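Chain and residue survey
What follows is each chain in one-letter form.
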Amino acid sequence: RDLLRFEPIYQERVWGGRALESALGRSLPSGAPIGESWEIVDRTEAQSIVVGGPFNGQSLRSLLVQHGADVMGPRWPTGRPFPLLVKWLDCRERLSLQVHPPAAVAAELRGEPKTARQPTNMCIDSKTWQIKDHTAQHVGSFASNSGKCH
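Remember, predicted model here, so these are calculated numbers, not experimental data. (Residues numbered from 1 in each chain as written. Predicted model: local features only at pLDDT ≥ 70, side-chain atom pairs only at ≥ 80, totals over all residues. Heavy atoms only, no water.)

Quick word on the confidence of the model for the protein chain
Low pLDDT means the predicted coordinates in that region are not meant to be read closely. Across the protein chain, the average pLDDT comes to 80, with 71% of residues at or above 70. The secondary structure element of the protein chain with the lowest average pLDDT is helix α4 (residues 139–144), at 39, and the one with the highest is strand β4 (residues 49–50), at 98. Confidence over residues 136–147 falls short of pLDDT 50; this stretch has 12 contacts with residues more than four positions distant or in other chains. (pLDDT = per-residue confidence, 0-100. Helix = DSSP H or I, 4+ residues; strand = E, 2+ residues; numbered from the N terminus. Contact = heavy atoms within 4.5 Å.)

In structure tokens, the structure reads:
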């Protein structure tokens, strides 16, 4: 079996910077600050694209529709989207707290329901690559600590 590799999707953010370029050894789009690199995403508005191998150029959604059992296992429901959004952040400023509404309100606002995302955050030192913090429970302490890992 081949390892699947995906083209990252870079997100411009006013609070972003250029650190992902050196930390990940990549060339970022020039100009605007890049705050996020989406490594794996299966959303309507953003699709990871396979790079190399037999599925080169295919979207993650298409890959799962056509080969879901091979990629995710024999019990993977046909048409089910990939359940994770994997991303790197480069935060040069404090970030606001994000709140996801209940499913009924999210549908009305065209947003993501609370149950669709169960965030787990990792703070990783970009110089040493050591994990400084890793749990969903530490999100509050991360925010109250001026956006710094402990």
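Still to come is the rest of the account.
Remarks on the environment of Glu 93
Relative to the helices and strands, Glu 93 is located in the loop between β5 (86–89) and α3 (103–109). It is 7.6 Å that separates the C-alpha atoms of Glu 93 and Gly 16, two residues lying 77 residues apart in sequence. Other than its neighbours up to four places away in sequence, Glu 93 contacts Val 14 and Trp 15.

Some thoughts on the pattern of salt bridges
Summed over all chains, the structure comprises 7 salt bridges. The salt bridge partner of Arg 13 is Glu 36, with a shortest N-O separation of 3.2 Å. Linking Arg 13 in strand β2 (residues 9–17) with Glu 36 in strand β3 (residues 34–40), this pair joins segments that are 23 residues apart in sequence. Residue Arg 13 is classed as partly exposed on the basis of its relative accessible area of 24%. A relative accessible area of 7% means that Glu 36 is categorised as buried. Residue Arg 92 pairs with Asp 90 through a salt bridge whose shortest N-O separation is 3.2 Å. For Arg 92, a relative accessible area of 53% gives the class exposed. Salt bridges sharing partners connect three or more residues here, namely Arg 13, Glu 36 and Lys 87. (Salt bridge = Lys/Arg side-chain N within 4 Å of Asp/Glu carboxyl O. Buried < 20%, exposed > 50% of the residue type's maximum accessible area, 1.4 Å probe, protein only.)

Overview of helix α2 (residues 60–72)
Taking 1.5 Å as the rise per residue, α2 with 13 residues should run 18 Å; its terminal C-alpha atoms sit only 12 Å apart, a clear shortfall. Along α2, the positions that sit buried rather than exposed are Leu 60, Leu 63, Leu 64 and Gly 68. Looking at the buried side of α2, the elements it contacts are β1 (6–7), β3 and β4. A positive phi of about 115° marks Gly 73, the residue just after α2. (Expected span 1.5 Å × (residues − 1).)

So, the nonpolar core
Formed by Phe 6, Val 50, Leu 60, Leu 63, Leu 64, Trp 76 and Phe 82, the largest nonpolar core amounts to 7 residues. If one sorts the elements of this core by residue count, α2 sits on top with 3 residues. Other than its neighbours up to four places away in sequence, Trp 76 contacts Leu 64, Gly 68, Pro 81, Phe 82 and Pro 83. (Core = buried A, V, L, I, M, F, W, Y, C linked by side-chain atoms within 4.5 Å.)

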